[in-house]
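Listed here are the chains, written in short residue letters.
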Amino acid sequence: MKFNRNILKSLLLLFLFPLAIGAQNSSEVFRAAGSPHNPKVQISFNRYYTSEGLAALSKKIADAHPNLVKRQSIGKSALGKDIWMLAITNYKQGKADRKPGFYLDGNIHSNEIQGGEISIYTAWYLTENFNENEYITNMLNDRIFYIVPTINPDARNDFMKEANTGSSPRSGMIALDDDRDGKFDEDGYDDIDGDGSITRMRRKSDDGNYIVDPLDPRKMIAIGPDDVVTTQRYEYLGNEGIDNDGDGRINEDTHGYYDPNRDWGWKWQPDYIQRGAYKHPFSLPETRAVADFVLAHPNIAGAQSFHNSGGMILRGPGAQEDLATYNRQDIRIYDAIGKKGEKMLPGYRYLTVYKDLYSVFGGELDWFYGSRGIYTFTNEIFTSFAYYKKQGRDRNQTYDFDKELLMGDAFTPWKEFDHPTYGKIEVGGFKKNFGRATPGFMLEEEAHRNMAFTFYHAQHMPNLSISNISEKKMSGGLKEITATIKNDRLMPTHASQDLKYNITRPDYISISGVNVIAGMLVTNEDFNVTEEQKVNPAKLRVRNIPGNGVVKVRWIVKGNSKFTITVDSAKGGLLSKSNK
Amino acid sequence: MFNKKRASLFFIGMTICFTTLQISAQSDYSNYSKLTQKIKSLQKSNVTNAKLEELTTTIGGHKIWALTLSKGKAENKPAIAIVSGVDGSHILGPEMAINIADNILKNHVNILEKTTFYIFPNMSPNATENYFSSLKHYKNGNAKKTDDDRDGAVNEDSFDDLNNDGLITMMRVEDITGDYTKLKDDERILVKADINKGEKGTYKLFSEGIDNDKDGLFNEDGKGGILFNKNFSYNYQYFTPGAGEHPVSEKENRDLLSFLYDRWNIFAIVTLGPENNLSTPLKYNASGAKKRVVTSVLKQDAALNKFLSDKYNKIIKAKDAPISKGKGGDFFQWSYFHFGKLALSTPGWWVPQVKDSTKKASKNKVVNYLRWAEKENIKNAFVDWTTVSHPDFPNKKVEVGGIAPYKMLNPPYKMVADISKKHTDFIIELAKMQPNITLQNLTSEAVGNGITRISVDVHNTGLLPTHTEMGKRSRWLRKIKVAIGLNKNQEIISGKEIRLLNSIDGDSSVKFSWLIKGNGSVTLEAGTSHTGVDSATIKLK
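Parameters and conventions
- Residues numbered from 1 in each chain as written.
- Chains lettered and ligands numbered in written order.
- Predicted model: local features only at pLDDT ≥ 70, side-chain atom pairs only at ≥ 80, totals over all residues.
- Helix = DSSP H or I, 4+ residues; strand = E, 2+ residues; numbered from the N terminus.
- Buried ≥ 20, exposed ≤ 12 C-beta atoms within 10 Å, placed from the backbone.
- Contact = placed C-beta atoms within 7 Å.
- Axes fitted to C-alpha atoms, helices over the stretch in contact; angles between N-to-C directions.
- Parallel < 35°, antiparallel > 145°, perpendicular 65-115°, else oblique.
- Left-handed = near helix turned anticlockwise from the far one by under 90°.
- Nonpolar A, V, L, I, M, F, W, Y, C, P; charged D, E, K, R; others polar.
- Pairing = 2+ DSSP bridges.
- Expected span 1.5 Å × (residues − 1).
- pLDDT = per-residue confidence, 0-100.

*Asks:* Teacher, can you tell me more about the overall build of chain A here?
*Replies:* Within chain A, the secondary structure is distributed over 13 helices and 23 strands. Here chain A holds 580 residues, and 45% of them are scored as buried. Restricting to contacts in chain A with at least 6 residues of sequence separation, those with at least 24 account for 74%.

*Asks:* What's the story with the overall build of chain B in this structure? I'm lost.
*Replies:* In terms of regular secondary structure, chain B is built from eleven helices and 20 strands. By principal-axis analysis of the C-alpha atoms, chain B measures approximately 105 × 85 × 55 Å. In chain B, buried positions account for 41% of the 541 residues. Residue pairs in contact within chain B that sit at least 24 positions apart in sequence constitute 71% of those at least 6 positions apart.

*Asks:* Teacher, can you tell me more about the packing of helix α3 (residues 92-107) of chain B against helix α10 (residues 416-432) of chain B here?
*Replies:* Two quantities define a packed helix pair, namely the angle between the axes and the distance from one axis to the other. All names here are of chain B. Two elements in contact, α3 and α10, have axes separated by 9 Å at closest approach and are oriented at 60°. Relative to α10, the element α3 lies oblique. Crossing of α3 over α10 shows right-handed handedness. In this structure, α3 uses Leu92, Glu95, Met96, Asn99, Ile100, Asn103 and Ile104 to contact α10, whose residues at the interface are Val416, Ala417, Ile419, Ser420, Lys421, His423, Thr424 and Ile427. Of the residues that constitute the contact of α3 with α10, the class distribution is eight nonpolar, five polar and two charged.

*Asks:* Any chance you could explain the interface of chain A and chain B here in plain terms?
*Replies:* One frequently used descriptor of interface size is the decrease in accessible area upon assembly of the parts. Facing 27 residues of chain A, the contacting portion of chain B comprises 27 residues. Here the residues of the side of chain A that touches chain B sort into eleven nonpolar, eight polar and eight charged.

*Asks:* Help me out: how do you make sense of the pairing of strand β1 (residues 50-57) of chain B in this one?
*Replies:* Each regular strand carries side chains that alternate between the two faces of the sheet. Residues and elements named next belong to chain B. The sheet contact formed by β1 and strand β2 (residues 63-69) spans seven bridges and is antiparallel. Note on β2: the bridge partner recorded for threonine 57 is lysine 63. The antiparallel pairing of β1 with β2 creates a hairpin that spans five residues between the two strands, and glycine 61 there sits at a positive phi of about 90°.

*Asks:* Please clarify how the sheet that holds strand β1 (residues 69-76) of chain A should be interpreted in this entry.
*Replies:* The pairing of strands in a sheet happens through backbone hydrogen bonds and is either parallel or antiparallel. All names here are of chain A. Overall, mixed pairing links the eight strands, which are arranged β1-β2-β4-β3-β9-β12-β10-β11 in an open sheet. Looking at which strands have only one partner, the edges of the open sheet turn out to be β1 and β11 (349-352). Pairs of neighbouring strands in the sheet enclose a mean axial angle of 20°, with direction left out of account. Sheet topology places strand β2 (residues 82-88) next to strand β4 (residues 144-148); three bridges connect them, and they run antiparallel.

*Asks:* How should I be thinking about the packing of helix α2 (residues 32-44) of chain B against α3 of chain B in this particular structure?
*Replies:* All names here are of chain B. Contact geometry for α2 and α3: axes closest at 11 Å, N-to-C directions at 10°. One finds that α2 runs roughly parallel with respect to α3. The handedness of the crossing between α2 and α3 comes out as left-handed. Between α2 and α3, the contacting residues are Leu35, Lys38, Ile39 and Leu42 on the first element and Pro94, Ile98, Ala101 and Asp102 on the second.

*Asks:* When you look at unusual backbone geometry in this model, what are you seeing that I'm missing?
*Replies:* Trans is the common state for peptide bonds, and a negative phi is the common state for residues other than glycine. Between asparagine 308 of chain A and serine 309 of chain A the backbone carries a cis peptide bond, its omega angle lying at -5°. Inspection of the secondary structure assignment puts serine 309 of chain A in the loop between β9 (300-308) and β10 (312-315). Cis rather than trans, the peptide bond between glycine 316 of chain A and proline 317 of chain A has omega equal to 5°. Its location among the elements puts proline 317 of chain A in the loop between β10 and α7 (328-344). Its identity is not glycine, yet methionine 407 of chain A carries a phi of approximately 55°, on the positive side. For methionine 407 of chain A, the position within the fold is in the loop between α11 (397-404) and β13 (411-419). Look at asparagine 155 of chain B: it is not a glycine, yet its phi comes out positive at around 50°. Assignment of secondary structure puts asparagine 155 of chain B in the loop between α4 (125-128) and β5 (170-174). Judged by the 15 C-beta atoms lying within 10 Å of it, asparagine 155 of chain B is partly exposed.

*Asks:* Help me out: how do you make sense of helix α12 (residues 440-459) of chain A in this one?
*Replies:* Taking 1.5 Å of rise per residue, the 20 residues of α12 of chain A would be expected to cover 28 Å, and the 29 Å separating its terminal C-alpha atoms lies within 8% of that figure. The inward-facing, buried residues of α12 of chain A abut β3 (101-106), α3 (114-129), α4 (134-142), β9, α7 and β12 (375-381) of chain A.

*Asks:* Is there a simple way to think about the confidence of the model for chain B in this case?
*Replies:* Parts of the model with low pLDDT should not have their predicted coordinates read in detail. All names here are of chain B. Looking at chain B as a whole, its pLDDT mean stands at 94, while 95% of the residues score no less than 70. Contacts from residues 1-23, a stretch scored under 50 in pLDDT, to residues over four places away or in other chains number one contact. Overall fold confidence for the complex sits at a pTM of 0.94, while the interface term, ipTM, reaches 0.93.

*Asks:* Would you mind going over the environment of isoleucine 269 of chain B with me for this structure?
*Replies:* All names here are of chain B. Checked against the element boundaries, isoleucine 269 lands in strand β9 (residues 266-272). In this structure isoleucine 269 comes out as buried when scored by C-beta crowding, with 23 C-beta atoms within 10 Å. It is 24 Å that separates the C-alpha atoms of isoleucine 269 and tyrosine 29, two residues lying 240 residues apart in sequence. Beyond its immediate chain neighbours, meaning those up to four positions away, isoleucine 269 contacts Ala81, Val83, Ser335, Lys341 and Ala343.

*Asks:* Just to check I follow, could you spell out the sheet that holds strand β20 (residues 539-542) of chain A for this structure?
*Replies:* Residue and element names in this part refer to chain A. As summarised here, the arrangement of the four strands in space is β20-β17-β22-β23, forming an open sheet in which the pairing is antiparallel. Two strands bound the open sheet, and with one partner strand each, they are β20 and β23 (573-578). Going across the sheet, the axis of each strand differs from the next one's by a mean of 15°, ignoring polarity.

*Asks:* How should the confidence of the model for chain A be read in this particular structure?
*Replies:* On average, residues of chain A score 95 in pLDDT, and 96% of them are at 70 or above. Of the regions scoring below 50 in pLDDT, residues 13-20 of chain A engages in zero contacts with residues more than four places distant in sequence or in other chains.

*Asks:* Could you clarify how one ought to interpret the pairing of β13 of chain A in this entry?
*Replies:* Residue and element names in this part refer to chain A. Two strands pair when backbone bridges link them, and β13 and strand β14 (residues 423-430) are joined in this way by seven bridges, in the antiparallel orientation. Its bridge partner lying in β14, threonine 412 is registered against glycine 429. What sits between the antiparallel neighbours β13 and β14 is a turn of three residues.

*Asks:* Just to check I follow, could you spell out the environment of asparagine 196 of chain B for this structure?
*Replies:* Along the chain, asparagine 196 of chain B falls in the loop between β7 (190-192) and β8 (203-207). Take asparagine 196 of chain B: there are 6 C-beta atoms within 10 Å of it, and that puts it in the exposed class.

*Asks:* How should I be thinking about the environment of aspartate 392 of chain B in this particular structure?
*Replies:* Residue and element names in this part refer to chain B. Within the secondary structure, aspartate 392 is located in the loop between β11 (382-388) and β12 (398-403). The spacing of aspartate 392 and glycine 216 is 176 residues in sequence and 9.3 Å in space, taken between C-alpha atoms. Non-local contacts of aspartate 392, meaning those with residues more than four positions away in its chain, are made with Ile210 and Asp211.

And the structure:
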């Protein structure tokens, strides 16, 4: 009987399901300010997703919003997984790939997982709020977002599914010979206690420098020079592992190791100078897929990558030696966006990589800016500020937070094991999903704030309009047409780095429908200072349209026919306007 | 009855005859198809010791060949890679590479017992084809479409053969605002006027062509392509014509590196190209060597370079080579600074200095070349200035002329065989010096109570160190591994089962000893991929 009733229930559910797909009955919900209240796609933002999980979510979003999302694989990872990208814009308005583009990715370091969820949250938020929220609607009418939730899908899965620390693998999954003994990845971590995390090993030792905290058995206390020890001493033996290859060392050749964020083609340096570099710039299939995509999309004007942790909004230069690349005009724009970010992301600091973090070559943000002239930030997600919403380092707060707010879920208690080299040891410590990855209940907030920061950044990509066209009659059947092209956002169509090296082609401002006698750039209208373009005056080549500024152009034309002015800017978009 | 068999034999005989004739009659360098044919026939007549692979096909549809010379398993022996055609105007390189391979197989085949050679005859086939085209001009890039002047238009202003001589030379315009003047030594040659010597410019000088896109520049964006020798990561010249959008962007560059990174046995790379550290060694610069981004050869490597350079000069017997350490993005500097291998490079040939009646050589390279060409009776070295009418200079006197392309960089073909032979001799010398790890003075003695003491000198019998100083830093050279193999009933009392050594200098050794408890025998092994591996089985006492 019971069995039959269950079948009946399931059938009923199946029947009802199509009606209820994703969304809840609208009478059952009430909008919380700023969040989609009845989304077509239901996603839990208090947990993390594997690479397949992210791929499935991106497919759901794309399927639910066919007019807003095009999903494509931009390449394959080293292990052959697709690198999924969502191109999000209002496809019914304008040419998608001609709109100013914003590139966004996460998870280049495989253990730095939040970027995947923030990317999905951003895609979800944009699509679910289109036509619900004016700011988002305008954003998708005028801009396109290229969102790649994970650019390291292989090792993202390794981090989640295999035993790791909170900081491993970081690398991708291509095997390398770290100790130069001719073998590849032959001595990785070993999950002695089988908890899925690589925690720490300790051993009772009369010569040890630690004791167990008598008030909290999770904690170890370092013995100071004047301390009188009356209890058992311990020593630390490093991360969980055994000497797999018999060379007298433990965990000396783990996954990789290389750092995908040292593989980018701006001032790249080899491993002996820049630890973590692989063979040559874009020698990894994942970074190369991104580079090829970006090279093929000169409309990308802003970019963001997500890492963890520490609560940082980072800009370049990565390396001290590259200081000259970042010039003053561009730093002013970085500062304006970065400082806004500090306000939007409490606990985060706006910093410069080479002086505030480390001096490093071959990073993603440097390639985007140095090589492509794209304003780019890297955010280091999550900071200890989040634990109790206050600044300051307190060693105890992670233990307190685990106990008080995570119900002890983040710590594997110490337990005794036999180790082949060390004999009787104890294994325990914080799990891999704690310390760097945002705890579940805070993840949606962290995703939202970081997304809002990228929106602010994307909002300030160039936004061009033909704000004024004036006509003046001249003798001899000639006419003077003057057009004003306005950019009402912070970013110019060409960053100063771009102008220095002519990275992106000039903007073309052209007139059609009339017989052009002469064309010129008006550099000072009041004093009639102009620069004539002798060749092909109908299509004026303008080096730059500045941020929060205007460019004025003038043509001397013959006749009085209807004309159209077209502005064609790689990073500023394509627009035209005709006279009446 | 007509004997079919005999007829076909006769036919084969004739073909061989013709082929031989053809080879001996070769009077100029080999184009892509001729070079390909030569490589293939070389491999076909040496199937046991030569293996031919297609490394890749370039964007222009040319195949890049990788020829491996080895007796037995190639990867089991220390290897020398020879890379040529790195620069498209250096036609000599590919020809030398084939000849060197041929010489090794014909005259030095025993060297293949101990050394493997990986030979890449031509890395710039699209570029070298220009030498053979009806319009000869330097164009060193591959077939990728590039916007050389970064103005948004592609290939909009190429060279134009204004005097219809099949060569792109120079173009001079008589103009009082110009900066150039005639050189006193040889009035055919224009040099920049030096106002400090009271000279005034009377000419403008351009490469031969028309300003097709009317931007005021001549020939600034033709079919440029990306240059193999500008596309590597060391001191890469961003945003310069021919460099590409990022280092190692091109297939041929990428696939060559993949090949080299996979061959752990390579200890030296010889580049046949414009860079030169063989006739003149690189100089050590302390401040450059100490920087994080190293810009000078390291101290020990400079000494090694000097030693090898002396050897080279003794064999080649040519003086006064131009110094050229590479212009950035080049393969030679990559092979040292970014790969850490023993890196050697030579153009193979350069114009000898010619002294005039006062026994002085000209400081001007072109003057020197023209004197040499005259002495050697080389025809058409200089295209005499002739007046042309030029659309961009309607009321000016415009003349086209100058040194013929390729001539100064490549010797007359008849010299190639001798140059190749001498370079083969040097490469054989280099192979004989290769690092070679051996076990020496191996002893085992009874300590008592079932314990044996094993002692050994791990010795590099080669003259070359196992690792360059740079190579010690590089993760792409393995360390020397000294490993002792035990069975379950044996135990190490003292000493380590596995030891890794950073390097061993030439003709030097490192001592090891172990105390082993147990009976039976143990194995001992020392070396790594690029040094050779020596092993022994030792009976416990």
